[in-house]
Amino acid sequence: MLMLLPGGGLGMNPTMDDMNLIQAQRHLVRDIGEEIDLEIGPGDDDPSFANTPLLGGPSQEPSAEEQGESKQMSMVSEIPNADQDILKAQPAKRKKKVVKRWREEWADTYKWAYVDVKEGTARIFCSVCKEYGRKHRRNPYGNEGSRNMQMSALEEHNNSLLHKEALRLQMASKDKIVVDKPIYVKALMSKTAGSIIEAALKRDPHEAEFIQSVQEAVHALERVIAKNPHYVNIMERLLEPERMIIFRVPWVDDRGETHVNRGFRVHFNQALGPCRGGIRFHPKMNLSVAKFLGFQQTLKNALSPYKLGGAAGGSDFDPKGKSDNEIMRFCQSFMNEIYRYFGTDKDLPSEEMGVGIREMGFLFGQYRRLAGNFQGSFTGPRIFWSGSSLRTEATAYGLVFFARLILAELNKDVKGLRCVVSGYGKIAMHVLEKLVAVGALPITVSDSKGYLVDEDGFDYMKISFLRDLKSQQRSLRDYSKTYARSKYYDEAKPWNERCDFAIPCGSQNEIDQADAINLVNSGCRILVEGSNMPCTPEAVDVLKKANVIIAPAMAAGAGGVVAGEIELNHECNVMHWSPEDFESKLQEAMKQTFHRALKAADDFGYQKESPESIVHSLSDNRALLHGAVISAFLTIAQAMTDQGCV
């Protein structure tokens, strides 16, 4: 049976990457400047080695002996060279010390290494091998004092066969893995549908985000696959991207120092047309996230009125704290490698997390210089779409329109309803703006450090004040200094606030099982996904059991696809669409997407009541969640079947 690891990883996978395994573990970090022994333990002859716990207890203060040794070493460094030669002739201690200022770098690079105290001495331990009794040779890191030699020894240990064998044993040890429950779709899937998940796990066992998105899709397609086994082969082909591009991005900061980041672009599927998809700049960006975003974008584009292929990409570059010149140099270096894959009939990137008008402008400028033409083919910057001002608002407005469509099906009005919103980026702010416009009462926003709640609800003046805080790089806490009825909560999420519906606009998996329970207890009955895959599998399970209607991002977020295609329409640029005309067209596109998802759900039995009854068309809360995937998949599957095995 497949298991979930605490950090979102997957159990029973012998080839899982070392870094992902230990990522969720805490590392004991002692005071800066303390000296430590690099020896992993007393050696193979010590029977207590395998019985030492993985992580030690509370951090201990250095012993008097250690402090004496530290003081003695600092005194030796001040002795003249001649006297030092005399000291060298004396018997020296066998164990050399190294200053702890390197320890944080080890913790960042080698997630399996941590510091603990054994027999009164601080040492670096290998958590995998130590916990499971897989001991290495004595002094596996060596006793050299050179920083480069120590790092080289750590790297050698990390890649050693003995370490990897210990890692394999750890993955296979059922009693050591903390398991909440089996993967949420496993018990519900037929054997035929389950084979798709098994194949994906075997091929990419360490790509947790991508595997999670695959599980959600296959769970929704179970009835479709049962009716037509041919779709198993189609799905297996669909889950392998047509092209994955990974490249380095070197750049120079304002101090003249060089840096290197990793760039990604995944062309997931182009059966319906040229690729469209976002570029994300975020420290946690990796291939798994790029594939998950590309897969979601492929389904989203297929469900929208404009049939397009799907792509995604970006870099682990963090634009926060960087100057305009640094961001420009990075964007130019990024485009130097990827520009040959872009073009109107190939792939057109758009804004995503960490990428705004500034970044898209720099990217397009370098693309124009390298490609030698001005196609205006990047979606996002307003300078390439002078006829409309709603490009950045389209996705957010579409989310609110989609929420209104759901409420209309339930014979409810959005006016006066309390809405909880997460995030503090451009989508979250435009969601607040449109919620106020339609008469709803948005009460929260959040950032990485906590969330802000205003019991009176936000209005246009308050939203403008929030934008000022963000532009001035001030904290959300400063909002409470102006509006007394508001409060900022540190290290908390907004999901326990009383609400009628919620729109998460943060990042993937921001709502876990506990958050879902809080949402249900807070009165939430509709959740509109403003970000891709905002709920963990456990959270989705809780929301389903509580009959909360989930509007998936691939349907509710189609507004960005619509805006992108209208912006690329030459006729649109000539006619100069007014905001009112564009908003009307956006509402019509969202309505088409909504009813397309409901029809697909009805065709495969996800509507409990008669479809003629408007009130009960959403009585099965899986209707939108599964119907959106079914409609998108059938569209792609038909195109892939028509085009043959390519």
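Note that residues are indexed from 1 along each chain, following the sequence as it is written. A pLDDT threshold of at least 70 governs which residues receive local features in this predicted model, and a stricter bar of 80 or more applies before side-chain atom pairs are shown or counted, although totals over entire chains, interfaces and linings include all residues. Excluding hydrogens and water, the side-chain values take into account all heavy atoms of the structure.

Where an unreviewed UniProt entry is consulted, the protein appears under the name glutamate dehydrogenase (NADP(+)), with the organism given as Gossypium armourianum.

**A short note on the packing of helix H13 (residues 324–338) against helix H14 (residues 357–371)**
Remark: H13 packs on H14, axes separated minimally by 8 Å, with the N-to-C direction vectors making an angle of 45 degrees. Between H13 and H14, the angle is such that the two are oblique. Taken as a pair, H13 and H14 cross one another with a handedness that is right-handed. Of the residues in H14, those in contact with Asp-324, Ile-327, Met-328, Cys-331, Gln-332, Phe-334, Met-335 and Asn-336 of H13 are Arg-358, Glu-359, Phe-362, Leu-363, Gln-366, Tyr-367 and Leu-370. Helix axes use the C-alpha atoms of the stretch in contact, all axes being lines fitted to C-alpha atoms, and the angles between their N-to-C directions lie in the range 0 to 180 degrees. Helix and strand assignments come from DSSP, with helices taken as H or I runs of at least 4 residues and strands as E runs of at least 2, each series counted from the N terminus. Angle categories: roughly parallel below 35 degrees, roughly antiparallel above 145, roughly perpendicular from 65 to 115, and oblique for all the rest. Crossings are classed by handedness, with left-handed meaning an anticlockwise turn of the near helix from the far one by less than a right angle and right-handed meaning a clockwise turn. By definition in these notes, contact holds between two residues if any of their heavy atoms fall within 4.5 Å.

**Re empty space enclosed by the protein**
Empty space among the atoms becomes apparent when a probe as large as a water molecule is rolled across them. Whether a set of points on the 1 Å grid over the protein atoms alone is a cavity depends on a 1.4 Å probe fitting there but being unable to get out, while an open set qualifies as a pocket with protein on both sides within 12 Å along at least five of seven lines; lining residues are those with an atom within 4 Å of a point. Grid points are joined across faces, edges and corners, and a volume is the space filled by probe spheres set on the points. Within this structure, the stated rule accounts for three cavities of 30 Å³ or more. Every residue lining the largest cavity is counted, 18 residues in all, and those nearest its centre are Glu-216, Pro-552, Met-554, Leu-625 and Val-629. Mapped onto the lining of the largest cavity, the elements with two or more residues apiece are helix H9 (208–220), helix H20 (537–545), helix H21 (553–556) and helix H25 (623–643). Among the elements that line the lining of the largest cavity, the one with the most residues is H9, at five residues. When grouped by side-chain class, the residues that make up the lining of the largest cavity number 11 nonpolar, four polar and three charged. Here the bounds of each domain stem from an automatic or database domain assignment. Both domains that meet at the lining of the largest cavity, namely domain 2 (193–379) and domain 3 (391–582), each give it at least three residues. Polarity classes work like this: nonpolar for Ala, Val, Leu, Ile, Met, Phe, Trp, Tyr, Cys and Pro, charged for Asp, Glu, Lys and Arg, and polar for all others, with Gly in that last group.

**Describing the sheet that holds strand S11 (residues 441–442)**
Strands were regarded as paired on the criterion that DSSP finds at least two bridges between them. The five strands are arranged S11-S10-S15-S16-S17 in an open sheet whose pairing can be described as parallel. Each edge of the open sheet is held by one strand with a lone partner, namely S11 and strand S17 (549–551). Inspection of the sheet shows strand S10 (residues 418–422) paired to S11 by two bridges, in the parallel sense. Within the sheet, the bridge partner assigned to Arg-418 lies in S11 and is Leu-441.

**Side note on the environment of Val-629**
Structurally, Val-629 can be placed in helix H25. Burial here depends on accessible area, computed with a 1.4 Å probe over protein chains only, as a share of the maximum for the residue type. Under 20% is buried, over 50% is exposed, and the range in between is partly exposed. On the basis of relative accessible area, Val-629 is assigned to the buried category, the value being 6%. Setting aside residues no more than four positions away along its own chain, Val-629 makes contact with Ala-217, Ala-220, Leu-221 and Met-554.

**Let's talk about the sheet that holds strand S13 (residues 450–454)**
Ordered by their spatial adjacency, three strands build an open sheet running S12-S13-S14, and the pairing between neighbours is antiparallel. Unpaired on one side and paired on the other, strand S12 (444–447) and strand S14 (486–490) mark the two borders of the sheet. The average undirected angle you get between the axes of adjacent strands in this sheet is 15 degrees. In terms of strand pairing, S13 meets S14 through five bridges, oriented antiparallel. By the bridge assignment for S14, Val-453 is matched with Lys-487.

**Some remarks on the environment of Ala-492**
Mapping Ala-492 onto the fold places it in the loop between S14 and strand S15 (501–504). Exposure remark for Ala-492: the relative accessible area of 30% places this residue in the partly exposed category. As for Ala-492 and Lys-449, which are separated by 43 residues in sequence, their C-alpha atoms are 7.5 Å apart. Not counting residues up to four positions away in its chain, the partners in contact with Ala-492 are Lys-449, Gly-450 and Tyr-451.

**Here's the deal with helix H17 (residues 460–471)**
Helix span is expected to be 1.5 Å times the residue number reduced by one. Here H17 is 12 residues long and its end C-alpha atoms lie 16 Å apart, about the 16 Å a rise of 1.5 Å per residue gives. Every buried residue of H17 is accounted for by Lys-462, Ile-463, Phe-465, Leu-466 and Leu-469. Burial along H17 is one-sided: seen end-on, the buried residues are contained in an arc of 155 degrees. For H17, the exposed residues lying more than 90 degrees away from the buried face are Met-461 and Ser-471. Each element contacted by the buried residues of H17 is listed here: helix H16 (426–437), S12, S13 and helix H18 (477–482). With a side-chain oxygen positioned 3.2 Å from the backbone nitrogen of Met-461, the residue opening H17 is Asp-459. Gln-473 sits one or two positions beyond H17 and adopts a positive phi of about 55 degrees. Summarising the geometry, the arc corresponds to the directions from the helix axis toward the C-beta atoms. Definition of a polar contact: a pair of N or O atoms within 3.5 Å, with one able to donate and the other able to accept a hydrogen when the atoms are protein atoms, and with sequence-neighbouring residues admitted only if both atoms are side-chain atoms.

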